[in-house]
Amino acid sequence: MTYVQRNRWTLSIVFLLVLYCTSVLVHLGVLEFSGEEPRRAMVSVEMINSGNYIRPLQYGWDYYNKPPFFNWILAGLILITGSVSEFVLRLPSVVFYLLMGFVHYRVARHFFPKQVAAISSFFLVTCADVYTYGLAYGVEIDIFYSFVVYLQAISMFWFYTKRKLLPLFLVSYFFCAVGFLTKGFPSLLFQVLTLAALCVQARSFRLLFRWQHLAGIAVFVAITGTYFLLYSNYASPVRYLINLLNEATLKSGIGKRSNRLFDKAIVYPWLFVKMFAPWSLLLLLLISKVKYHFRQNPLVWFSLLFMLFNIGVYWFTGQPKIRYVYMFLPFGCTVLAYIYHRYTEVYASRFNSIMKYVGGLFVLPLLTVLVLPFIETVSPGWIISLAIAFLLLLFQYYRKDANRIWLFIAGFMLVRLTYAALFIPIQYKGIESYNAKVKEVLAKTHRESVQYWAKAKSFPIAVKTSLFSYEAETILKPEILPLELPYYYYRNTGKIIEFDTVKRNSTCFVSYLGQLGNKKIDTVYAYFDKNLNQRVVFYHYKE
């Protein structure tokens, strides 16, 4: 590259990064928390409130379903910023996803030309499922956990290529330990299966029987053992570990949720391909006469082996949620970028011609931007800005010397920005607002403290699968309230809704209607929660 070309390249990458960050940060905090987001937030808040960062709590009771590492990150962010807002708590996932793209580029550039490595990284950060859904609901644990698993796996490959066995095992088992303290036993499975994939690549299993492997295992045991030793000062680590194992098997092919396993297994490949959209369309290039020679590129071959060895755990499962396999994205994008690279080496002009027709798709979002003001109330500033941006994109796209793969990436980012700027506010209008419910309760109770009252339910500490079962003990734990209520109550009051089976020093209570039996109450506020199919009641007791 000449000096001018390098400068143009650098400016182009900077422009794309700015456009990318804008597309994910605009209105990041508009949508209310959903799914597991409020749980992750409140477990972190309760850590700060109790001052105990070893023992996770929910409603003031022990929380056993996930280890606390991600909560430590959220708690640290809360302490630094003084905020528990949706925008602030969704930021870590954006940062970790960009870091995954950066690390991926730093590795890939040693096995691809620089531009192809960069394309692979931009494929990664713009895969539609994460780019639209995953980042919009970024307090979920999955993006961070996938980043940790990626570091765990890619460190094995990296140090193997350098013939450095001690760092290979020390670093991979370090990230395995971090993953274990984030999501539990799946990290151990990734370690075992990825080491098996590496052995196939090395055509030898002898690297497993080295003293360096024992050193790596010692690192894992030291990190996780220290945590559970500290945890033993407060509660039973055995109880915690058994429940983590049950959580891992519950969603597997042998777990209780494995009904209709084969039906879901048939659909899963389509879901997996959809996760890589729009870049999974590059798989169509495989029908060409180009000889790809996947095994000739070490990174590509390792990526294929990683996916082959690990995908079965998620493919043949009773709960095939795509967010569980985000860690496959960098490896899949490596393969897709290689397909693009090999094809364009042979048919560069043909590929550019194909992309010329594909670019016509950007006319649709342009028309949507122009028509939307006649249907919905939207910001005129965004309408004008986006319309101009799409017109400029189409103008550049159809120039003779256009590099259309990069322009398509930029166009896809513009589509995401259009969604964020115009459609997230519209989407928010149609969503049931838990924040509004909490504000109405507070207005009617003059901001009284709220306690979650009910009888505790029996909860078995057990591992139950279709192959074997083991039950250690039965404990008591609360039913789960709609997770959004404790979070928005805390946002508005700075107080935590705690669970108890007896009336404490609260004047207002919240329960499910079915939990109250024949108790005499004065209802303050009630609503039917469609997600849980339960009627939730805020009330005072009648004396």
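The following refers to the structure shown.

Here we come to the state of the cysteines. Counted by the stated rule, this structure contains zero disulfides. Looking at the unpaired C333, the closest cysteine sulfur is the one in C127, lying at 3.6 Å.

What follows covers the packing of aromatic side chains. Within this structure, the stated rule accounts for 54 aromatic pairs. With centroids separated by 5.0 Å and ring planes inclined at 75°, the aromatic side chains of Y227 and F228 adopt a geometry described as edge-to-face. Taking relative accessible area as the criterion, Y227 reaches 3% and is therefore assigned buried. Measuring from centroid to centroid gives 5.2 Å for Y340 and F351, while their planes differ by 70°, and the two rings are edge-to-face. The exposure class assigned to Y340 is buried, which follows from its relative accessible area of 11%. Taking the ring centre of Y160 as reference, the NZ or CZ of R163 above it sits at 4.6 Å.

Below, the discussion takes up a nonpolar patch on the surface. Judged by side-chain polarity, L361, V363, L364, L367, L370, V371, F374 and I375 come together as a nonpolar surface patch covering roughly 820 Å² of accessible area. Along the polypeptide, I375 turns up in the loop between α15 (363–371) and α16 (380–397).

All right, on to the environment of L135 then. On the secondary structure map, L135 appears in helix α6 (residues 128–136). Apart from residues no more than four positions distant in its own chain, L135 is found in contact with Y20, V24, L28, S93, V94, Y97, V130, I143 and R416.

This part covers the pattern of salt bridges. Under the definition given, this model contains 15 salt bridges. Measuring nitrogen to oxygen at the nearest pair gives 3.7 Å for the salt bridge that ties E247 to K66. Of this pair, E247 sits in helix α11 (residues 237–250) while K66 sits in the loop between β2 (61–62) and α3 (69–81), and the two are 181 residues apart along the sequence. We note that E247, like K66, is buried. Between E345 and R342 there is a salt bridge; the shortest N-O distance is 2.6 Å. With E345 and R342 both in helix α14 (residues 329–358) and three residues apart, the pair spans about one turn of that helix. You can call R342 buried: its relative accessible area is 18%. A cluster of three or more residues bridged by salt bridges with shared partners is formed by E140, D142, K183 and R323.

Looking now at the sheet that holds strand β6 (residues 499–500). If you walk across this open sheet you meet the five strands as β6-β3-β7-β9-β8, and the pairing is mixed. Both outer strands of the open sheet, β6 and β8 (521–529), are each paired with one neighbouring strand and no more. In the sheet, β8 pairs with strand β9 (residues 534–541) via eight bridges, with the strands oriented antiparallel. Bridge pairing in β9 places A526 opposite V537. Contacting β7 (508–512), β8 and β9, helix α18 (residues 434–445) runs over the sheet at an angle of about 175° to β8.

Turning next to the side chain of E37. Positionally, E37 belongs in helix α2 (residues 37–50). In this structure the side chain of E37 is engaged in a polar contact, spanning 3.2 Å, whose partner is the backbone nitrogen of G138. Residues within four places of E37 in sequence aside, it is in contact with E32, R90, A136, Y137, G138, V139 and E140.

As a packed pair, helix α5 (residues 114–125) and helix α17 (residues 404–429) sit with axes 11 Å apart at the nearest point and diverge in direction by 20°. One finds that α5 runs roughly parallel with respect to α17. Regarding α5 and α17, the two cross each other, and that crossing is left-handed. Across the interface between the two elements, Q115, A118, I119, F122 and F123 from α5 touch I405, W406, I409 and M413 from α17. For the contact of α5 with α17, the per-class residue count stands at eight nonpolar, one polar and no charged.

On to a positive patch on the surface, then. Taken together, the side chains of R6, R106, R109 and K114 present a region of like positive charge at the surface. By the element assignment, R6 lies in helix α1 (residues 3–25). By relative accessible area, R6 is classed as partly exposed at 42%.

Of all hydrophobic cores here, the largest spans 174 residues; its most connected members are Y97, F123, F328, W406 and F538. For this core, the leading source of residues is α17, giving 15 residues. If near-sequence neighbours (up to four positions away) are discounted, F538 is found in contact with V441, V450, L485, C508, F509, V510, D522, T523, V524 and Y525. Core analysis: the second largest hydrophobic core is formed by seven residues, F509, L516, Y539 and Y541 among them.

To continue, consider the side chain of N71. Structurally, N71 is set in helix α3. Among the residues examined, N71 registers a relative accessible area of 3% and is labelled buried. Excluding its chain neighbours within four sequence positions, the residues that come into contact with N71 are R40, V43, S44 and M47.

Reading guide: rules and limits
- Numbers given to residues run from 1 along each chain, matching the order in which its sequence is written.
- Selection of residues for local features in this predicted model requires a pLDDT of at least 70, selection of side-chain atom pairs for listing and counting requires 80 or more, and totals for whole chains, interfaces and linings are taken over all residues.
- For side-chain calculations, the full set of non-hydrogen atoms in the structure is used, while hydrogens and water are omitted.
- Criterion for a disulfide: a pair of cysteine sulfur atoms at a distance within 2.5 Å.
- Working definition: rings of Phe, Tyr and Trp (its six-membered ring) pair if their centres are within 6.5 Å, and the pair is stacked with planes under 30 degrees apart, edge-to-face with planes over 60 apart, and tilted otherwise.
- Using a 1.4 Å probe on the protein chains alone, a residue whose accessible area is under 20% of its type maximum counts as buried, one over 50% counts as exposed, and one in between counts as partly exposed.
- Charge-over-ring placement is defined geometrically: NZ (Lys) or CZ (Arg) within 6 Å of the ring centre, and within 35 degrees of the ring normal.
- Like charges are joined within 9 Å and nonpolar side chains (Val, Leu, Ile, Met, Phe, Trp, Tyr) within 5 Å, but only among residues with over 30% relative accessible area and no salt bridge; these make up the patches.
- Using the Shrake-Rupley algorithm and a 1.4 Å probe, accessible areas are obtained, with residue cover drawn only from the displayed protein chains.
- By salt bridge we mean one thing: a side-chain nitrogen of Lys or Arg within 4 Å of a carboxyl oxygen of Asp or Glu.
- Numbering of helices and strands starts at the N terminus; helices are DSSP runs of H or I of at least 4 residues and strands are runs of E of at least 2.
- Any two residues whose heavy atoms approach within 4.5 Å are treated as being in contact.
- Note on pairing: DSSP must find at least two bridges between two strands before they are called paired.
- Lines are fitted to the C-alpha atoms to define the axes, a helix being fitted only along its stretch in contact, and any angle between axes, read from their N-to-C directions, falls within 0 to 180 degrees.
- Between N or O atoms, a polar contact is any pair within 3.5 Å; within protein, one atom must be a potential hydrogen donor and the other a potential acceptor, and residues adjacent in sequence are included only when both atoms are from side chains.
- By definition in this entry, angles of less than 35 degrees are roughly parallel, angles greater than 145 are roughly antiparallel, angles of 65 to 115 are roughly perpendicular, and the rest are oblique.
- Crossing handedness: left-handed means the near helix sits turned counterclockwise from the far one by under a right angle, and right-handed means the same turn made clockwise.
- Classification convention: Asp, Glu, Lys, Arg as charged; Ala, Val, Leu, Ile, Met, Phe, Trp, Tyr, Cys, Pro as nonpolar; all other residues, Gly among them, as polar.
- For the purpose of counting charges, residues Lys and Arg are taken to be positive, whereas Asp and Glu are taken to be negative. His and the chain ends are not included.
- A charge is said to be at NZ when it belongs to Lys, at CZ for Arg, at CG for Asp and at CD for Glu.
- By nonpolar core we mean a set of buried residues, namely Ala, Val, Leu, Ile, Met, Phe, Trp, Tyr and Cys, connected to one another through side-chain atoms within 4.5 Å.

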